[in-house]
Amino acid sequence: MARLPAAVSAGFLLVSACVRSVPTPDVPPPQESPAQLIERIQDWEDRRSLGDGELVRLATSARDWAVRVRALRALARIQDVATLEAVLVGLTAPRNAVREEAAFAAGELAQSWEPLPEEARTALTEALVRAEASEAYARVHDTLLESLGKLATPGAVEVLTARLSPANGPWSEAAATALGVAARKAGPAAVANVPLETIRALLDPRLRSEVNVAGAYLLAASKRLDAVEALGSCLANAHPDARALCAKGLGDVGSPRDTTSLHLMLGGPEFRVSAEAARALAKLAAKCEAGAPCAPLIALESRVPLAKQVAEGRAAQGHLFLAVAQQGLPLQGRPVFVSWRKAFAEADRSAATEEAHADLAWLDCRIAAAMDRQQGTLDQVRQCGYGRVPEARWLALGLHEVAQFKGQPTGAAFAVPYLNHVSPIVRGAALDALSERPVPEAMAPIRALIGGGDAVVAGLAAAAAGKLKDAEALPALEALADRVPKEPDLAEAVAGALVALQGKAAEPRLREWLKHPHANVRRVAAESLTSLTGAPVRSARVELPPETYRPPAAPPGTTLTLRTRKGDITVLLDPGAPLTGGNLMSLAKQGYFRGITFHRVVPDFVAQGGDPRGDGEGGPGYSIRCEMTRRRYARGTVGMALSGKDTGGSQFFFTHSPQPHLDGRYTAFGDVIQGMDVVDALMEGTVIDDVIVGTRAP
């Protein structure tokens, strides 16, 4: 701590017994500059600290408006309901930037990982409704509407519905998007009273394309049975995102009679539209009458020629096949899968590149696994991939798919031998299958896995033991629970098993977890205690120590170039998320990503990579805090994958299309500035050769 200067220099010290002492005037502490205050706020935010009340004071009354804005951003990221009043005060500030940041912070509180108490939701609704009614500044008004959508209360939906009209008005786009988010959060029933004609008006092709896309987003999210005609008309919209959204909506509420319009969208130049139409047809195929001709299946079988395009290097066309495999087909659709696999094998013989060979092999295993899901047995994947897909990968894929079998239970004893497989991802997949269809003979080997060294497998084994109600697993489970303080990723699986096997006896341990430094452990404990006691339980905010790991921030202008076997993808990092961008920059410099694959690709949604395990469960061995930004999830946005609050690590994703329900929920920390065609071509199994750190020229 700096010391105050002496009132008089020692060189001028008067020594006289006759001179009375002169009182030293008070010297105020030096005023911190705005830059110094913002640096302190950054530290408090990262440690999830309120600075002994100083952060709230700065958020409500800092003299410098930029300091106040930064303090409100910190409160948005900390998400402590105790700071609600400070956020609401900001909604009435005279400065536009402060009101806008307060509106954003209100939305972040609305979608906290731990749900807000009902009284807080009511107070937030009332404050946002009042603020929206009087707000004149457009950007602030849009942010208020966005936050009302995240809140999704009846009062919020009422205001948003009123702002949909007129369709060419200033707020219709923001209101429609916000209502779509509300439907995604609270369920379609939340927007059931929005007049259909009001939504249809937003799809008028004479309006701006952004309004059309927002209307399509709302229409698809509302899942209205009376919207089939509107969705069908929307398939002709000029904007590909609107067409894809309406295809998705038609798959949810349409019937096999809607096949013709969807069929016309298959195999077109916009891969994400084609994939969405194929996924919709797969959903409609499940509604066909058994034994009768099924138009959606006939349409899908006609796409066999696209296999040749994949072989020629047009990998994005493979997303159609991938979307259907992930969605699945009824058993009646098995001939479609057979014909596709035959086409893959033929195309593989003339594939142009090794990467095209790899894409066809992975697609073959995806379709084979979907066939195994149809019958609930591990069969087709045993002969998939032309020898190019590693055994661990096809086995894990097959086990995960068989776990989703919807037919009559046939037992899952076939999965038991794989509990001893050398690969942890196979052991994890076997546990997934056994959790869905437990069998008594799995109990002993599952107990053994609970005490194993692989934390992911141990957690999955604990969850399976809970579903099996295996009381003999309790000693191993309690020993695993002792590891949670140092291995927080175990918390969710262990908590569920403790509740299942111990009941009320699990309460003392779970209450201890309410004080754990890791936010996700506290969330899991609160949710488990709520279900166990029947009364709402919330955890308290816990301040992290100063030595908490923080990677160096990425300098402004930092780029990451992912070198893949399909080409390069260059990402410009967002300086508003310095911890997140700096973390990936640091890992890239260590060579962390070399050889890692994109393990998850969901057509028209995301391509996700960065997991060294390859099954979506891995990371660098630590986690970083979330840094929610105002960056929206548009096409080509880069986000941090999470399993709960403050659980970021090394897994990231690219969005194929706008995803408003992710806004402010997952840290968006950059955009693709070059190589979006490569992002479109990514498939499961695509390898990252390296990630190169660079700087964008000014």
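Here, the structure is the one placed above.
A brief report on the enclosed structure follows. Everything numeric here is computed off the predicted structure, so don't read it as measured data. (Residues numbered from 1 in each chain as written. Predicted model: local features only at pLDDT ≥ 70, side-chain atom pairs only at ≥ 80, totals over all residues. Heavy atoms only, no water.)

## Here we look at the state of the cysteines
Applied cut-off: Defined by distance alone, a disulfide is two cysteine sulfur atoms within 2.5 Å. Working definition: helices are DSSP H or I runs of at least four residues, strands are E runs of at least two. Numbering for both runs from the N terminus. With a 1.4 Å probe rolled over the protein chains alone, any residue whose accessible area is under 20% of its type maximum counts as buried; one over 50% counts as exposed, and the rest are partly exposed.
Within the structure shown, the criterion is met by 3 disulfides. Across a sulfur-sulfur distance of 2.0 Å, Cys 234 and Cys 246 are joined as a disulfide pair. Disulfide Cys 234-Cys 246: torsion about the S-S bond near 80 degrees, hence right-handed. Of the two residues, Cys 234 is situated in helix H12 (residues 228–234) and Cys 246 in helix H13 (residues 240–253); the sequence distance between them amounts to 12 residues. Judged on exposure class, the residue Cys 234 and its partner Cys 246 are both buried. The disulfide partner of Cys 288 is Cys 294, and the gap between their sulfur atoms is 2.1 Å. Taking the torsion about the sulfur-sulfur bond, which here is approximately 70 degrees, the covalent link between Cys 288 and Cys 294 counts as right-handed.

## Structural notes on the pairing of strand S4 (residues 606–609)
What counts is decided by this rule: Criterion used throughout: strands pair if DSSP finds at least two bridges between them.
Here S4 shows no split at all, with Val 606 and Gln 608 on one side and Ala 607 and Gly 609 on the other all buried. As paired elements, strand S3 (residues 598–602) and S4 share 4 bridges and run antiparallel to each other. Each bridged residue has a counterpart across the sheet, and for Val 602 the counterpart in S4 is Val 606. In this structure, the hairpin formed by S3 and S4 is closed by a connection of 3 residues, where Asp 604 is found at a positive phi of approximately 65 degrees. In this structure, S4 lies alongside strand S6 (residues 652–655), joined through 4 bridges in antiparallel fashion. Within S6, the residue paired with Val 606 across the bridge is Thr 655.

## Let's talk about the packing of aromatic side chains
The condition is simple: A pair of aromatic rings is counted whenever rings of Phe, Tyr or Trp (Trp by its six-membered ring) have centres within 6.5 Å, and the orientation is called stacked for planes under 30 degrees apart, edge-to-face for over 60 and tilted otherwise. To sit over a ring, a charge needs its Lys NZ or Arg CZ within 6 Å of the ring centre and within 35 degrees of the ring normal.
Tallying each qualifying case throughout the model produces 12 aromatic pairs. With a centroid separation of 6.2 Å and an interplanar angle of 80 degrees, the aromatic rings of Trp 113 and Tyr 666 are classed as edge-to-face. Of the two residues, Trp 113 is situated in the loop between helix H5 (96–110) and helix H6 (118–134) and Tyr 666 in the loop between S6 and strand S7 (668–674); the sequence distance between them amounts to 553 residues. Take Tyr 666: its relative accessible area is 22%, and that puts it in the partly exposed class. Look at Phe 321 and Phe 344: their rings are 5.0 Å apart centre to centre, the planes differ by 90 degrees, and that puts the pair in the edge-to-face class. Linking Phe 321 in helix H18 (residues 318–327) with Phe 344 in helix H19 (residues 334–348), this pair joins segments that are 23 residues apart in sequence. A relative accessible area of 1% means that Phe 321 is categorised as buried. With a relative accessible area of 0%, Phe 344 lands in the buried category. One aromatic cluster is present, formed by Tyr 592, Phe 593, Phe 598, Phe 652 and Phe 654 through successive ring pairs. The ring of Trp 113 is capped by Arg 665, whose NZ or CZ atom sits 3.7 Å from the centre of that ring.

## Structural notes on the sheet that holds S4
The test is simple: Axis lines are fitted to C-alpha atoms, over the contacting stretch for helices. Their N-to-C directions set the angle, which ranges from 0 to 180 degrees.
Strands sit in the order S3-S4-S6-S5-S7-S2-S1-S8 across an open sheet of 8 strands; the sheet is antiparallel. The sheet terminates laterally at S3 and strand S8 (688–695), the two strands that pair on one side only. Neighbour-to-neighbour, the strand axes of this sheet turn through a mean angle of 25 degrees, independent of strand direction. Relative to S8, strand S1 (residues 558–564) is paired through 7 bridges, and the arrangement is antiparallel. By the bridge assignment for S8, Thr 561 is matched with Ile 692.

## So, the pattern of salt bridges
Put simply, the test is: Each reported salt bridge corresponds to a side-chain nitrogen of Lys or Arg within 4 Å of a carboxyl oxygen of Asp or Glu.
In this structure the tally under the stated criterion is 53 salt bridges. Here Arg 77 and Glu 45 are joined by a salt bridge, their closest N and O atoms 3.0 Å apart. Taken together, the residues Arg 77 in helix H3 (residues 65–78) and Glu 45 in helix H1 (residues 34–46) connect sequence positions 32 residues apart. Neither residue differs from the other here; Arg 77 and Glu 45 are each classed as buried. Arg 447 is the partner of Glu 472 in a salt bridge, and the nearest nitrogen-oxygen pair spans 3.6 Å. With a gap of 25 residues between them, Glu 472 in the loop between helix H24 (455–468) and helix H25 (474–481) and Arg 447 in helix H23 (residues 443–450) connect regions that are remote in the sequence. With a relative accessible area of 59%, Glu 472 lands in the exposed category. We classify Arg 447 as partly exposed; its relative accessible area is 23%. Several salt bridges converge on common partners, so that one network encompasses Asp 43, Asp 46, Arg 47, Glu 543, Arg 550 and Arg 625.

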